[in-house]
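Structural features, examined
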Amino acid sequence: MNKTTVCKLCPRNCNAVRNENSGNGYCKMGTLPRIARVAPHIWEEPCISGTKGSGTIFFSGCVLSCVFCQNSKISSGGYGKSVTTEQLVDYIKKLESMGVHNINLVSPTPYIESIIECFERYKPSIPVVYNTGGYEKAETIKRLDGIVDIYLPDMKYINSDISLKYSKAADYFEYASEALKEMVRQTGKPQFDSDGIMTKGTIVRHLILPQNTHNSIEVLEWLDKTFGSDILISLMGQYIPLGNAGKYPEINRRITTREYNKVLDYLETTGLDGFVQELSSAKKSYIPDFDIEKL
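Throughout what follows, the structure given in this document is the object of discussion.

What counts and how
Residues numbered from 1 in each chain as written. Predicted model: local features only at pLDDT ≥ 70, side-chain atom pairs only at ≥ 80, totals over all residues. Heavy atoms only, no water. Helix = DSSP H or I, 4+ residues; strand = E, 2+ residues; numbered from the N terminus. Buried < 20%, exposed > 50% of the residue type's maximum accessible area, 1.4 Å probe, protein only. Contact = heavy atoms within 4.5 Å. Lys, Arg positive; Asp, Glu negative; His and termini not counted. Charge placed at Lys NZ, Arg CZ, Asp CG, Glu CD. Polar contact = N/O pair within 3.5 Å; in protein donor to acceptor, adjacent residues only side chain to side chain. Expected span 1.5 Å × (residues − 1). Core = buried A, V, L, I, M, F, W, Y, C linked by side-chain atoms within 4.5 Å. Phe/Tyr/Trp six-rings, centres within 6.5 Å; stacked < 30°, edge-to-face > 60°. Pairing = 2+ DSSP bridges. Salt bridge = Lys/Arg side-chain N within 4 Å of Asp/Glu carboxyl O. Axes fitted to C-alpha atoms, helices over the stretch in contact; angles between N-to-C directions. Parallel < 35°, antiparallel > 145°, perpendicular 65-115°, else oblique. Left-handed = near helix turned anticlockwise from the far one by under 90°. Nonpolar A, V, L, I, M, F, W, Y, C, P; charged D, E, K, R; others polar.

**Some remarks on the overall build of the chain**
Each helix and strand in the chain was counted, giving nine helices and twelve strands. On the principal axes, the C-alpha backbone points of the chain span a range of 55 × 45 × 35 Å. The burial tally for the chain puts 55% of its 295 residues in the buried class. Considering only contacts in the chain between residues 6 or more positions apart, those separated by 24 or more positions represent 69%. Seen as two clouds, the 34 positive and the 34 negative side-chain charges of the chain have centres 6 Å apart.

As structure tokens, this is what we get:
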């Protein structure tokens, strides 16, 4: 029987009616996981990808609407294939058998119910990574306690005008900040194995946007004051004007060396530790290949 649910999983609070294969909520997804890629991934942070890759599962649908999204084919285009919980378990086992360092769930928020059921059926022997844009409800994240070992959220914005303009979420920081506190409460300080691969902890990503260095500095300042050494930071300079960025002239370009260095210089005044992405990484070749025929 095709079960129907009323969804309140994310900050959109749609109260959307969702069945297994379709939904009328913000993400437009059904309750069955819809996936667009399952493969080892080598372009995450070094302690996540390591030498054997991160076992990524890219989910379709998204609770944000970032105008510059590099994965719009799956985030808003609906590209992907619906799978059962049993099939999702099989994909996890397959990745695990390939020797990857972890199971990396990318944009999984619309499928929390199925994901919880999946890991109740099977918990891999390697860490589980929850890879998210950060726009989460803390009460939803609480349900993942004991399932997720590593959180990999974005902290995109503090200013509500900017988050409304570029991601249609004026309340982004309100929710993301509380969700992040819950993530760090669950994981504690970053932990690593003898090879330097993360086994537990939280890495917070921040993407520098053109003409928005003040936003970046505010984010870093808040992260430093709130968490300090309890998190790692991943400062990203990979911005490319994709998606609908062409409609916003101020961000319809790559970031400049001056913008990059301004944020990096501020980062070096904080107590935050982590990773800094080089400007040379702003290439389309780093965007994953989504091909459901390979699933």
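**Details of the side chain of K156**
Among the secondary structure elements, K156 is positioned in the loop between β8 (150-153) and α6 (160-167). Engagement of the side chain of K156 in a polar contact is seen with the side chain of D154, the distance being 2.9 Å.

**Comments concerning helix α7 (residues 172-187)**
Taking 1.5 Å as the rise per residue, α7 with 16 residues should run 22 Å; its terminal C-alpha atoms sit 22 Å apart, in good agreement. By the burial criterion, the buried members of α7 are Y172, A176, S177, A179, L180, E182, M183, V184, Q186 and T187. Backbone geometry just after α7 places G188 at a positive phi near 70°.

**Some words on the nonpolar core**
Core analysis: the largest hydrophobic core is formed by 71 residues, its most contacted members being I57, F68, Y166, L180 and L223. For this core, the element with the most residues is α7, which contributes six residues. Once residues lying within four places of it in the same chain are set aside, the contact partners of L223 are L180, V204, G228, I231, I233 and L272. C47, I48, V129 and I150 belong to the second largest nonpolar core, which has eight residues in total.

**Some thoughts on the packing of aromatic side chains**
Evaluated as defined, the whole model comprises ten aromatic pairs. Arranged with centres 5.8 Å apart and planes meeting at 70°, the rings of F68 and Y239 form a pair that is edge-to-face. Here the residue F68 occupies a position in the loop between β4 (54-59) and α2 (72-75), and Y239 occupies one in the loop between β11 (232-236) and α9 (257-267), the gap between them amounting to 171 residues. Look at F68 and you get buried, because its relative accessible area is 9%. Residue classification places Y239 among the buried positions, given a relative accessible area of 2%. Following the ring pairs from residue to residue traces out a cluster consisting of Y135, Y157, Y172 and Y175.

**Details of the pairing of strand β6 (residues 103-106)**
In β6, alternate side chains face the same way, and those of I103 and L105 on one face and N104 and V106 on the other are all buried. Examined bridge by bridge, β4 and β6 share four bridges and lie parallel to one another. Residue pairing in the sheet places I57 in a bridge with L105 of β6. Both β6 and strand β7 (residues 128-132) contribute to a ladder of four bridges, which runs parallel.

**Points about the pattern of salt bridges**
For the structure shown, the criterion picks out 15 salt bridges. The shortest N-O distance in the salt bridge between K137 and E139 comes to 4.0 Å. Residue classification places K137 among the buried positions, given a relative accessible area of 8%. One salt bridge connects K225 with E221, and the closest N-O pair in it is separated by 3.2 Å. With a gap of four residues between them, K225 and E221 both fall in helix α8 (residues 213-226), about one helical turn apart. Since its relative accessible area comes to 66%, K225 is described here as exposed. Members of the salt-bridge network, linked through shared partners, are E44, E45 and R205.

**A look at the side chain of R37**
Examined against the element boundaries, R37 turns out to sit in strand β3 (residues 34-41). R37 gets classed as buried once you look at its relative accessible area, which sits at 18%. Non-local contacts of R37, meaning those with residues more than four positions away in its chain, are made with T56, I57, F58, P288, D289, F290 and L295.

**Digging into the packing of helix α3 (residues 85-97) against helix α4 (residues 112-121)**
Taken N-terminus to C-terminus, the directions of α3 and α4 make an angle of 60°; their axes are 9 Å apart at the nearest point. The angle between α3 and α4 falls in the class oblique. Considering only the axes of α3 and α4, their crossing is right-handed. Along its contact with α3, which presents T85, E86, L88, V89 and I92, the element α4 presents S114, E117, C118, F119 and R121. Classifying every residue of the contact of α3 with α4 gives five nonpolar, two polar and three charged.

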